[in-house]
Amino acid sequence: MQDSHISLAHGNGGRYMRELIEEVFARHLANPGLDTRCDSVPLTLTQGEVMFTTDGFTVQPLEFPGGNIGSLAVHGTTNDLAVAGAEPLYLSLNVFIEEGLEVARLERIVAALAEAARAVGVRVVAGDTKVLRRGEGGGLYLATTGVGVRARGLCLGMEHIRAGDRVVVSGPVGDHGIAVLLAREQFGLRGDLVSDAGSVLPLTRAALECDALRFMRDPTRGGLATVCHELAQQSGLGVRLQQTSVPVRDAVQSVCDMLGYDPLYLACEGRVVAVVGAAQAQQLLACWQLLPEGAQAAIIGSIEEARHPQVVMVTELGGERLLDELEDDPLPRIC
Amino acid sequence: MAPGLGVVGVMLPYSPLHHLLLNAFGGALVATSANLSGEPVMTDEASVEQRLGGVAQAFLHHNRPIVRPADDPVYRTIRGRARPLRIGRGNAPLELRLPVELDRPVLAVGGHMKNTLCLAWGTRAVVSPHIGDMGTARSLEVFEQLVADLQSLYGVRAEALICDRHPGYATTRWAQRQRLPCVEVQHHAAHAAALVGEQAGDSAPGDWLVFTWDGVGYGSDGELWGGEAVHGGPGRWRRVASMRRFRLPGGERAGREPWRSAVSLAWELGRHAEARRLVAQLRERADPAGDYDLLYHAWQRGLNMPHTSAVGRLFDAAAALTGVCRTASFEGQGPMWLEALAGQSASPLALPLSLGPDGILRSDWRGLVEAMMETSRSVSERAALFHSTLAGVLVQQALAVRETRRFDYVGLCGGVFQNRRLSEACAAGLQQQGIEVRLCERLPCNDAGLSFGQVIEYAFSG
């Protein structure tokens with residue numbers, strides 16, 4: 001490709017577009033299932049229940065410590081398959097490029113996407129590229145759709161949650177939210193604040209081996225607190241978390257303390273929250289702690305009978321704070 | 001009773017057990033209530049032993065179970081009269097008469113801190129005992145029990161609910177979950193209406209100018225108000241005066257960390273060395289220079305920096321800038337300590353007052369904040385100056401409003417007026433100008449009065 005920046009011509013269906021697809025997308029994403037000349041592609045699926053999901057990616061900035069929008073587009077969608085108990089197999093990729101994006105930057109992002117796909121073991125087999133006029137997009141938007149397969153008869157879902165079950169998280173929360181915030185607001189790089197963006201597949205595979213696994217979710221937007229609210233609302237039960245048990249990195253906690261954010265509401269992109277039978281919680285914890293992704297996993301709370309579906313945080317001093325459902329923009333109430 | 005104050009709270013024995021204990025001991029005893037900070041009192045032996053085991057060495061139980069929890073009421077003498085700061089055992093449920101008849105029975109759910117409920121029907125209003133801070137599971141439980149109890153005790157079923165406009169209050173969320181019509185009332189309108197309602201009794205309220213100074217409340221424009229003067233009467237308040245706005249770094253955390261308000265004001269004045277010093281003095285921070293840069297950058301970009309005009313936060317800033325209290329361990333600590341330390345009365349600074357394009361008079365606190373940084377003056381001098389200047393601001397605003405609007409009374413309501421020194425100085429200054437002043441008498445001037453104020457607003461807004 002000759003040009004250093006994307007122009008509207010790269011989206012008009014002609015030679016520029018062919019070059020872009022061949023030299024950037026097809027080159028990095030090459031795999032036996034990808035044929036850019038075809039309008040659609042046959043999929044070969046293994047035995048089991050076919051799982052299907054989709055996700056859009058608009059993160060700003062496009063590149064942040066610990067990942068970029070490309071790797072995120074793979075991890076976001078394959079993680080949604082993984083927490084449903086599936087093995088991700090195929091992805092489609094929609095790309096919306098804003099006119100003026102630097103080609104070198106696009107290449108870095110696509111290379112990261114390809115690398116993440118290889119590591120997860122998923123193939124990008126379909127795609128589409130559009131170029132938006134300057135000012136009509138945030139540089140680059142991605143959308144991926146994922147297909148996976150899971151074992152038939154898997155009992156995984158909020159309807160299986162019972163009072164007494166335990167809540168387990170696979171690692172420290174809030175890393176992604178803080179890393180992206182600091183990068184977006186140009187706070188200057190800090191080596192100790194890196195996104196946790198990554199594949200949760202090793203964690204979910206290990207968890208599926210454990211008995212009495214009820215439910216898994218990756219706490220993305222709205223963070224851990226929001227997942228707990230969903231658990232409470234859907235099960236009609238209460239969630240009780242122990243503040244001292246929730247893993248939060250010191251560097252993340254420190255930034256949150258200063259800026260007045262709560263890490264429980266910040267997005268993670270490589271963590272799993274699982275609900276498991278009380279007697280099996282230690283087993284799951286031990287499985288996760290053996291993995292590099294789960295070294296700091298912790299049992300953080302339990303499910304309980306409650307008069308309302310609510311999330312209670314037991315503080316260090318034994319106080320029982322209600323964790324609110326996320327507001328648009330939390331405003332001070334108690335000054 | 002709290003450390004750092006010039007006064008001691010006294011509780012008189014009101015139960016046979018108190019008399020037995022005091023007789024056996026032969027002297028004064030220091031007591032606290034059986035609860036965790038902000039939560040309602042505990043009522044059963046098991047939970048008391050489980051949850052307070054870490055702070056109490058022994059438990060003395062009673063063989064009569066507690067059906068309804070009630071905290072003790074608290075009073076403070078201001079302007080020659082004992083005024084409630086909290087209502088509870090002995091004076092709540094508190095019944096008040098409404099100036100007008102309601103169209104249907106209503107339940108007002110109050111605010112978020114120091115909360116009470118108010119059930120009202122016909123021309124009767126009943127305010128519940130103090131519940132506590134609504135952010136805890138136990139408060140919500142007590143709140144719901146009181147909702148049910150009040151309605152069954154009086155044989156009245158509420159047909160509508162009234163709540164604050166703040167979308168994040170637990171009580172607002174609760175009200176919106178119920179299957180009843182729900183009316184929202186602005187925080188400071190409710191404060192003003194509470195004062196007017198209790199003073200009016202069953203007569204027509206007249207025209208008022210009410211200063212509603214408090215921590216923060218959700219304003220009609222989505223900003224955090226707390227230095228507002230409103231004119232009119234229940235159901236027809238107009239915001240006429242306020243304070244120059246500033247930002248609250250870290251949002252809700254500013255409530256317990258007075259240094260945040262101070263840093264923000266120092267930045268507003270371009271006093272970076274002062275701001276840096278405040279951050280450097282924080283304890284248990286690993287990297288004060290990094291913290292400072294982080295917060296300053298966030299301040300410049302407006303990240304989690306809501307605007308406020310709250311006098312309560314100005315008090316906090318003054319407490320931190322004078323070194324009296326940088327981080328609070330209980331609500332209102334900075335302002336309370338500042339009041340306790342204030343020395344001989346100081347001649348007030350005159351602050352500029354200007355009419356904004358929105359038709360609202362705003363006082364500019366910058367000169368006062370500068371004065372709080374002058375180490376050539378003693379802390380007690382600065383504390384006195386702060387009080388006298390704010391009292392002067394209030395009188396100046398009242399006089400400026402009087403030039404264009406008529407009113408029969410000036411009212412003082414909102415948590416800031418729990419400050420005796422400030423309230424008395426404001427009242428004296430107004431009186432000198434021939435203005436009749438009214439302070440809360442039957443209900444606390446803090447957020448405990450909101451529920452009743454919500455009912456009054458509702459009664460007049462039909």
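Residues numbered from 1 in each chain as written. Chains lettered and ligands numbered in written order. Predicted model: local features only at pLDDT ≥ 70, side-chain atom pairs only at ≥ 80, totals over all residues. Heavy atoms only, no water.

Draft legend 1. Expanded view of the pairing of strand S4 (residues 87-98) of chain A. Residues and elements named next belong to chain A. Relative to strand S6 (residues 140-150), S4 runs antiparallel, the two sharing 10 bridges. Looking at S6, one finds that Phe-96 is bridged to Tyr-141. Note that the unit made of S4, helix H3 (residues 103-120) and strand S5 (residues 123-132) has a crossover that is right-handed. (Pairing = 2+ DSSP bridges. Helix = DSSP H or I, 4+ residues; strand = E, 2+ residues; numbered from the N terminus. Right-handed = clockwise from strand over helix to strand, strands pointing away.)

Draft legend 2. Examining the packing of helix H1 (residues 15-29) of chain A against H3(A) more closely. Residue and element names in this part refer to chain A. Where H1 meets H3, the axes come as close as 8 Å, and the angle between the chain directions of the two elements is 30 degrees. Relative to H3, the element H1 is oriented roughly parallel. At the point where H1 passes H3, the crossing takes the right-handed sense. On H3, the residues touching Leu-20, Val-24, Phe-25, Arg-27, His-28 and Leu-29 of H1 are Leu-106, Glu-107, Val-110, Ala-111, Leu-113, Ala-114 and Arg-118. Tallied by class, the residues present in the contact of H1 with H3 amount to nine nonpolar, one polar and three charged. (Axes fitted to C-alpha atoms, helices over the stretch in contact; angles between N-to-C directions. Parallel < 35°, antiparallel > 145°, perpendicular 65-115°, else oblique. Left-handed = near helix turned anticlockwise from the far one by under 90°. Contact = heavy atoms within 4.5 Å. Nonpolar A, V, L, I, M, F, W, Y, C, P; charged D, E, K, R; others polar.)

Draft legend 3. Local environment of the packing of aromatic side chains. Residues and elements named next belong to chain B. Scanning all chains against the criterion turns up 12 aromatic pairs over all chains. Ring geometry for Trp-121 and Tyr-154: centres 5.4 Å apart, planes at 50 degrees, overall tilted. Of this pair, Trp-121 sits in strand S5 (residues 118-121) while Tyr-154 is found in helix H3 (residues 137-154), placing the two residues 33 residues apart along the sequence. With relative accessibility at 15%, the residue Trp-121 sits in the buried group. Taking the relative accessible area as the measure of exposure, Tyr-154 reaches 27% and is therefore partly exposed. On the basis of an interplanar angle of 85 degrees and a centroid distance of 6.1 Å, the ring pair of Phe-211 and Trp-213 is categorised as edge-to-face. Comparing Phe-211 with Trp-213 shows no difference in burial state: the two are buried. Clustering of aromatic rings is evident, with ring pairs tying together Trp-267, Tyr-292, Tyr-296 and Trp-299. Lying across the ring of Trp-365, Arg-244 places its NZ or CZ 5.5 Å from the centre. (Phe/Tyr/Trp six-rings, centres within 6.5 Å; stacked < 30°, edge-to-face > 60°. Buried < 20%, exposed > 50% of the residue type's maximum accessible area, 1.4 Å probe, protein only. Lys NZ or Arg CZ within 6 Å of the ring centre and 35° of its normal.)

Draft legend 4. Focus on the interface of chain B and chain A. Contacts between the two partners involve 44 residues from chain B, matched on the other side by 33 residues from chain A. Interface area for chain B against chain A, summed over the two sides, is near 3,500 Å², with a carbon-plus-sulfur share of 55%. Counting the surface chain B buries against chain A, the share from its top three residues, Arg173(B), Glu252(B) and Leu294(B), is 19%. Applying the counting rule to chain B against chain A returns four salt bridges. Here Arg301(B) makes a salt bridge to Glu185(A), at a shortest N to O gap of 2.6 Å. (Buried area = accessible area lost by both parts, 1.4 Å probe. Salt bridge = Lys/Arg side-chain N within 4 Å of Asp/Glu carboxyl O.)

Bear in mind that shape data such as this cannot, by itself, settle questions of function.
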